[in-house]
Amino acid sequence: MLSNAARVRAFHRAVAAAAPDCPTAPDGPLLALRETLIDEEYREVKAAASRLRARLVEGPLPGTAVAELAHELADLLYVTYGALIACGVDADAVFAAVHRANMAKASGPRRADGKQMKPAGWQPADVAAVVAAMCAEAA
């Protein structure tokens, strides 16, 4: 089964979009494009969430009520994965490192709004090491 990153990489290759094999800083126009795409999708997520929140006053909603928000969130993921791929970054490897760090938060306190907080001694993901290993593998 393909990962989401592999699916987006296949799309980039199909449309001849940037997809270097080794981490590479994009040029200014490509970086601006990726930023614009993420901004556009983020605004669409916010709008869909706002519409869903407004409907909540009607009372309980069917599970299908989240379809629009799910679509917009998936679009945001798509352009975010695309930005990583445009930078030649193995999104799966970076995500795995961040996931490991987030799992280490499980023993931490929970904020009043539900956010899981970092416990004492928590260490962030070493994304720089993950990216450096990608360059070493490609060399």
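The model shown is predicted, which means the values in this text are computed figures rather than measured ones. (Residues numbered from 1 in each chain as written. Predicted model: local features only at pLDDT ≥ 70, side-chain atom pairs only at ≥ 80, totals over all residues. Heavy atoms only, no water.)

Peer 1: Explanation requested: the pattern of salt bridges in the structure shown.
Peer 2: Opposite charge on two side chains permits pairing when their charged atoms draw close. Scanning all chains against the criterion turns up three salt bridges. Taking the shortest distance from any N to any O, the salt bridge between arginine 111 and aspartate 113 comes out at 2.9 Å. (Salt bridge = Lys/Arg side-chain N within 4 Å of Asp/Glu carboxyl O.)

Peer 1: What should I look at first to understand a negative patch on the surface in this one?
Peer 2: On the surface, Glu35, Asp39, Glu40 and Glu44 cluster together to form a negatively charged patch. If you trace the backbone, aspartate 39 turns up in helix α2 (residues 28–55). (Patch = residues over 30% accessible without salt bridge, like charges linked within 9 Å, V, L, I, M, F, W, Y side chains within 5 Å. Areas by Shrake-Rupley, 256 points an atom, 1.4 Å probe, with all protein chains shown as cover. Lys, Arg positive; Asp, Glu negative; His and termini not counted. Charge placed at Lys NZ, Arg CZ, Asp CG, Glu CD. Helix = DSSP H or I, 4+ residues; strand = E, 2+ residues; numbered from the N terminus.)

Peer 1: For this particular structure, what's the right way to read the packing of aromatic side chains?
Peer 2: Two measures describe an aromatic ring pair: the distance that separates the ring centres and the angle between the ring planes. Applying the stated criterion to the full structure yields one aromatic pair. Relative to tyrosine 78, the ring of phenylalanine 11 has its centre 5.7 Å away and its plane inclined at 75°; by these criteria the two rings are edge-to-face. In this pair, phenylalanine 11 is assigned in helix α1 (residues 4–14) and tyrosine 78 in helix α3 (residues 67–86), connecting sequence segments 67 residues apart. What makes tyrosine 78 partly exposed here is its relative accessible area of 35%. The ring centre of tryptophan 122 lies 5.2 Å from the NZ or CZ of lysine 105, which sits over that ring. (Phe/Tyr/Trp six-rings, centres within 6.5 Å; stacked < 30°, edge-to-face > 60°. Buried < 20%, exposed > 50% of the residue type's maximum accessible area, 1.4 Å probe, protein only. Lys NZ or Arg CZ within 6 Å of the ring centre and 35° of its normal.)

Peer 1: Explain helix α4 (residues 91–103) here, please?
Peer 2: Within an α-helix, residues lying three or four positions from one another point in the same direction, as the helix has 3.6 residues per turn. For α4, spanning 13 residues, the distance from its first C-alpha to its last is 18 Å, which sits close to the expected 18 Å at 1.5 Å a residue. Taken as a whole, α4 has its buried residues at Ala91, Val94, Ala97 and Ala101. Burial along α4 is one-sided: seen end-on, the buried residues are contained in an arc of 135°. In α4, the exposed positions that point more than 90 degrees away from the buried face belong to Phe95, Arg100 and Met103. N-cap assignment for α4: the residue whose side-chain oxygen lies 3.0 Å from the backbone N of aspartate 92 is aspartate 90. (Expected span 1.5 Å × (residues − 1). Arc of directions from axis to C-beta. Polar contact = N/O pair within 3.5 Å; in protein donor to acceptor, adjacent residues only side chain to side chain.)

Peer 1: Quick question: what am I supposed to make of the packing of α1 against α3 here?
Peer 2: In a packed pair of helices, the relevant descriptors are the angle between the two axes and the axis-to-axis distance. At their nearest, the axes of α1 and α3 sit 9 Å apart, and the two run at 70° to each other. In terms of orientation, α1 lies roughly perpendicular with respect to α3. For the pair α1 and α3, contact is made by Asn4, Ala5, Arg7, Val8, Arg9, Phe11 and His12 and by Tyr78, Tyr81, Gly82, Ile85 and Ala86, respectively. The residue makeup of the contact of α1 with α3, split by class, is seven nonpolar, three polar and two charged. (Axes fitted to C-alpha atoms, helices over the stretch in contact; angles between N-to-C directions. Parallel < 35°, antiparallel > 145°, perpendicular 65-115°, else oblique. Contact = heavy atoms within 4.5 Å. Nonpolar A, V, L, I, M, F, W, Y, C, P; charged D, E, K, R; others polar.)

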